[in-house]
Number of protein chains: 2
Amino acid sequence: MKRIRVKEIFINKKEEHVTICAWVRTNRAQAQFGFLNVNDGSTLTSLQVIYDNNLSNFEEISKYRVGSSVMVEGDIKLTPEMKQPLELHATKVELLGDCPENYPIQPKRHTREFLREVAHLRPRTNLFNAVFRIRSVAAMAIHSYFQSHGYLYVHTPLITCADCEGSDQMFKITTLNMDKVEKGPDGKVDYSKDLFGKQAFITGSGQLHGETYAMAFGDIYTFGPTFRTENSNTKTHANEFWMIEPEMAFCDLEGLMDIEEEMLKYVIKYVLDNAKEEIDFCDQFVEKGLKEKLEKVLSSSFVRISHHDVVDILLKAPVKWEFKPSYEDDISKEHERYITEYFNGPVFIKDWPKDIKAYYMKVNPDNKTVAAVDLEVPQAGELMGGSQREENLDVLLKRMEEMHVSRKDIEWYLDTRRYGGCVHSGFGMGFERLIMYLTGVDNIRDVIPFPRTPKNCEY
Amino acid sequence: MKRIRVKEIFINKKEEHVTICAWVRTNRAQAQFGFLNVNDGSTLTSLQVIYDNNLSNFEEISKYRVGSSVMVEGDIKLTPEMKQPLELHATKVELLGDCPENYPIQPKRHTREFLREVAHLRPRTNLFNAVFRIRSVAAMAIHSYFQSHGYLYVHTPLITCADCEGSDQMFKITTLNMDKVEKGPDGKVDYSKDLFGKQAFITGSGQLHGETYAMAFGDIYTFGPTFRTENSNTKTHANEFWMIEPEMAFCDLEGLMDIEEEMLKYVIKYVLDNAKEEIDFCDQFVEKGLKEKLEKVLSSSFVRISHHDVVDILLKAPVKWEFKPSYEDDISKEHERYITEYFNGPVFIKDWPKDIKAYYMKVNPDNKTVAAVDLEVPQAGELMGGSQREENLDVLLKRMEEMHVSRKDIEWYLDTRRYGGCVHSGFGMGFERLIMYLTGVDNIRDVIPFPRTPKNCEY
């Protein structure tokens, strides 16, 4: 008999004869009958199985341990009077895989710190089941938004030989034997014997490649892993994370903000619709008011304000700042927090001082600021960062010179300004930052299946 | 006035006033009027723009060069009597970004070899526009299949410190200064100062991590980049490519083949439906009969045959083999080709000699073969490789010992067999292999935006 997923049983909500395979969450045996709570991972809710001493192996079943995998055949009974809408009356229960007493995931509260140490087992808990289901649904939401709006999904390369990001921010990769690296007469590594014949890295961004594809397809996005070598141990930093980087031809800063806002609302709505149970769980156990926060975003219009005006507000605020707000500087975490609370919702901060931003951002007519925009959201802080790109080759080259960016490795990128260049814009969104925002989980280590952070590369 | 995408114009197929932004593909000017062929990347088909000398800048327009970006306002006229269904009568044409005479992508036939050398510009040609649109649509098809069937999308880590694949097949990564690596008293690199405090790699597979998630969610899939250090220059090898790796709990070899077959048919149907124009293009210019080949797969039932029986057929075949078929060995490319032609469609070859397969594959009762299966398709060869996994811990450990696989780094993986283990299966599909099959393009370098192969890491 074909097995059915537990999720389907809850969707069908009808009295039917079924066979399921699942893992035991709890087993409460009494003299005449017992209850198995089982979960097959298809849905957050566990299924209650009732077994009784009419079953020939009743004694055995009553000893099945937490974590074991079982096969259960039986009849679904609707139980509208109970807390759970239905239960499974077993006609046959079989042990598939045993689980010893020392199984780390027992039916009790575990700390998140402990669960990080069993990263391969933690998805078997309700919290991580909910978080990683939301992660999966949110990934689909992103693809769904961009594909339905005509964007091309482009796989930009992760391996690169251009060190335009600054090679100390990138991991070096090699096929050489690190213990016996051959050096040239100048005492430096001889990369001619490395696989690519020169020094190679894994990259922190697909933007430059993305721009070349936007100049062919109009609207494109990337969605892939990204690497940073940052040696910082905070709740928001990881050395490997996923990022989404859309680029749009014929799109200016206002158009960019329209897209960011529409995309975020789409993703939130999609997740609320397709991970209802999981959002409810996070609302109840992770961040009280989460669902209301997300629903509010759907009906709000995001504030758009210049960096200059933000600093005005911060300077007038009745707050003793740790970092003094400045018209020339970046804003700090405390400022971000204040501004999103001040406006009580997501805020676009635009037109940043050019000296603190990247060379490829469009210089505004004031020649002091660039057409860059960060989206700040309550609690999670900066969720997206983007800009109109400098499409004028001469201005771009001047900016590169000012900021000591070598053009040697990126002449191909400059071609986007030589051959039919146009106004265009793009942004980057850290996917983990989004998941933290959607779940209320406050540590990036708990939204990545197997997180990589300094001194931590287990599993 | 809000601009409209060219694709929408062809969908709307109505007489309307529009503004578009696009790139000039050709410009044929006559004395009184001229034709601009423009493409904005939203669709393969270019739009014909008619401009005449009523426009104040007629002289200028007639000199606009190939590759320039332009803005055109005007009226759509339906032209049912012509080859193209509609054209745009310009009321205004404006140059956005010029393009010099030396623009490499001129309206003529370029070789694929030449276009590889301008990888950042080649998506502006019809061929690569079609190929990379199909790639994007196929990626969405895969997500769509797995998500609609209840699978969890899991992002397995790319950075790993476990060298269970054999470290010479993986790129080493480091944050150390390669020119001045510090060594310990044993003459080996002192990794204690590296970011993770030990030697790290980028991985070639997420399978082991995927299995741990299948033991929590039931059905999962990965879809991400993968790296191999193979120093081989063939049409089917690249050092960076994308892979899909699904893992299913409570699923045996037959169930696995059912899923592979259903998934492939789903993806083909999705691509035929959502990249119609692009498939037609490839059918016409890349592989004659491509569309028919794909459509035939939809209605066929894939052959399932054992490796043993395949060798029987090969030995009886009236062919002089370069490599003699053997019951103990792998089959070669010439054998693959013969078998798919023999059955004239996709073929599952199952139950392979255990000595040539990986340690984690389920040993069959004969103790000679494993429950592994490769899907071979006409022309493209092996498209998927999978197996039922060995769920018996003792057998698995014995196999690891036989094959000299160290258990030191993968005790966490072995936990999947300790704690509620069950029959489970999974497979891997190289995404580029799929795209080659779907487009007829025969070189992997032409289905990856910026391919990485030995001695080749440009852009």
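Coordinates for the structure precede this section.
Attention in this report is confined to the structure presented alongside it. Keep in mind the model is a prediction, meaning the values are calculated, not measured.

### Description of the sheet that holds strand S5 (residues 86-97) of chain A
Residue and element names in this part refer to chain A.
Right, on to step 1. A barrel is described by the order of its strands in space; here five strands give the closed sequence S1-S2-S3-S5-S4, paired in mixed fashion. On average, adjacent strands in this sheet sit at an angle of 55° to one another, irrespective of strand direction.
Right, on to step 2. Across 10 bridges, strand S4 (residues 69-78) lies against S5 in antiparallel orientation. The partner of Val70 across the bridge, within S5, is Leu95.

### Overview of the packing of aromatic side chains
Right, on to step 1. Counted according to the given criterion, the structure contains 56 aromatic pairs over all chains.
Right, on to step 2. With centroids separated by 6.4 Å and ring planes inclined at 85°, the aromatic side chains of A:Trp242 and B:Tyr153 adopt a geometry described as edge-to-face. With A:Trp242 in strand S11 (residues 240-249) and B:Tyr153 in strand S6 (residues 152-153), the pair connects residues from two separate chains.
Right, on to step 3. In this structure B:Tyr153 comes out as buried when scored by relative accessible area, which is 3%.

### Some points on the sheet that holds strand S8 (residues 171-174) of chain A
Right, on to step 1. Taken in spatial order, the six strands line up as S7(A)-S9(A)-S8(A)-S8(B)-S9(B)-S7(B) in an open sheet, and their pairing is antiparallel. The open sheet has two free edges, formed respectively by strand S7 (159-160) of chain A together with strand S7 (159-160) of chain B, since each of these has just one partner strand.
Right, on to step 2. Here S7(B) pairs with strand S9 (residues 200-202) of chain B via two bridges, running antiparallel. Following the sheet pairing, B:Thr160 is matched in S9(B) by B:Phe201.

### Let's talk about the relation of the copies chain B and chain A
Both copies of the chain are related through a single rotation about an axis accompanied by a shift along the same axis.
Right, on to step 1. In screw terms, the move from chain B to chain A is a rotation of 180° and a rise of 0.0 Å along the axis, fitting with an RMSD of 0.0 Å. Considering both components of the superposition, the chain copies are consistent with a two-fold axis. In terms of proximity to the rotation axis, the leading residue of chain B is B:Ile173, whose C-alpha is 2.2 Å off the axis.
Right, on to step 2. The overlap is high: 100% of the interface residues of chain B also sit at the interface in chain A, so the same surface is used on both sides.

### Points about the pairing of S4(A)
Right, on to step 1. Here strand S1 (residues 17-29) of chain A pairs with S4(A) via seven bridges, running antiparallel. The partner of A:Val18 across the bridge, within S4(A), is A:Gly74.

### Looking at the packing of helix H7 (residues 276-285) of chain A against helix H8 (residues 290-299) of chain A
Residue and element names in this part refer to chain A.
Right, on to step 1. Contact pair H7 / H8: the axes reach a minimum separation of 7 Å and the direction vectors enclose 120°. Accordingly, the angle class assigned to the pair H7 and H8 is oblique. Residue-level inspection shows Lys276, Ile279, Asp280, Cys282 and Asp283 of H7 in contact with H8, the latter providing Leu290, Lys291, Glu292 and Leu294.
Right, on to step 2. Classifying every residue of the contact of H7 with H8 by side-chain character gives four nonpolar, no polar and five charged.

### Some words on the interface of chain B and chain A
Right, on to step 1. Across the boundary between the two partners, chain B contributes 111 residues, which contact 111 residues of chain A.
Right, on to step 2. Carbon and sulfur atoms supply 61% of the area that chain B and chain A bury against each other, a total of about 9,000 Å² over both sides.
Right, on to step 3. Taken together, the connections running from chain B to chain A amount to four salt bridges.
Right, on to step 4. Two residues, A:Asp219 and B:Arg5, come together in a salt bridge whose shortest N-O distance is 2.8 Å.
Right, on to step 5. Linking chain B with chain A are 49 residue pairs in polar contact (both at pLDDT 80 or more).
Right, on to step 6. Sorting elements by how many residues they give to the side of chain B that touches chain A places helix H4 (residues 126-148) of chain B first, with 12 residues.

### A word on the pattern of salt bridges
It is possible for side chains of opposite charge to pair when their charged atoms get near one another.
Right, on to step 1. Across all of its chains, the model carries 60 salt bridges over all chains by this definition.
Right, on to step 2. When the shortest N-O distance is used, the salt bridge between B:Glu390 and B:Lys362 registers 3.2 Å. Of this pair, B:Glu390 sits in the loop between strand S15 (381-388) and helix H11 (393-402) while B:Lys362 sits in the loop between strand S13 (347-353) and strand S14 (369-377), and the two are 28 residues apart along the sequence. Each member of the pair, B:Glu390 as well as B:Lys362, is classed as buried.
Right, on to step 3. What emerges from the salt-bridge pattern is a single network uniting A:Glu254, A:Asp258, A:Glu261, A:Lys265, A:Arg304 and A:Lys350.

### Here we look at helix H9 (residues 307-316) of chain A
Structurally, the α-helix is built with 3.6 residues per turn, so residues lying three or four positions apart point the same way.
Residues and elements named next belong to chain A.
Right, on to step 1. Taken as a whole, H9 has its buried residues at His307, Val310, Val311, Ile313 and Leu314. On an axial view of H9, the arc spanned by its buried residues comes to 160°, and they lie on one face.
Right, on to step 2. Those residues of H9 hidden inside the fold are in contact with strand S12 (303-306), helix H10 (333-343) and strand S13 (347-353).

### As for the nonpolar core
Right, on to step 1. A:Phe431, A:Leu438, B:Phe431 and B:Leu438 are the most contacted members of the largest nonpolar core, which has 216 residues in total.
Right, on to step 2. Excluding residues that lie within four positions of it along the chain, B:Leu438 makes contacts with B:Ile134, B:Ala138, B:Val267, B:Ile268, B:Val271, B:Ile279, B:Leu290 and B:Leu294.

### With respect to helix H11 (residues 393-402) of chain A
All names here are of chain A.
Right, on to step 1. Along H11, the residues classified as buried are Leu393, Leu396, Leu397, Arg399 and Met400. Along the long axis of H11, the arc covered by the buried residues comes to 160°, so they all point the same way. Exposed residues pointing more than 90 degrees away from the buried face of H11 are listed as Asp394, Lys398 and Glu401.
Right, on to step 2. Contact partners of the buried residues in H11: strand S14 (369-377) and helix H12 (411-418).
Right, on to step 3. For H11, the capping residue at the N-terminal end is Asn392, with a side-chain oxygen 2.9 Å from the backbone nitrogen of Asp394.
Right, on to step 4. Taken from the residues just after H11, His404 is the one with a positive phi, measuring 55°.

Conventions used here
- Residues numbered from 1 in each chain as written.
- Chains lettered and ligands numbered in written order.
- Predicted model: local features only at pLDDT ≥ 70, side-chain atom pairs only at ≥ 80, totals over all residues.
- Heavy atoms only, no water.
- Pairing = 2+ DSSP bridges.
- Helix = DSSP H or I, 4+ residues; strand = E, 2+ residues; numbered from the N terminus.
- Axes fitted to C-alpha atoms, helices over the stretch in contact; angles between N-to-C directions.
- Phe/Tyr/Trp six-rings, centres within 6.5 Å; stacked < 30°, edge-to-face > 60°.
- Buried < 20%, exposed > 50% of the residue type's maximum accessible area, 1.4 Å probe, protein only.
- Least-squares fit on C-alpha atoms with pLDDT ≥ 70 in both.
- Contact = heavy atoms within 4.5 Å.
- Parallel < 35°, antiparallel > 145°, perpendicular 65-115°, else oblique.
- Nonpolar A, V, L, I, M, F, W, Y, C, P; charged D, E, K, R; others polar.
- Buried area = accessible area lost by both parts, 1.4 Å probe.
- Salt bridge = Lys/Arg side-chain N within 4 Å of Asp/Glu carboxyl O.
- Polar contact = N/O pair within 3.5 Å; in protein donor to acceptor, adjacent residues only side chain to side chain.
- Arc of directions from axis to C-beta.
- Core = buried A, V, L, I, M, F, W, Y, C linked by side-chain atoms within 4.5 Å.

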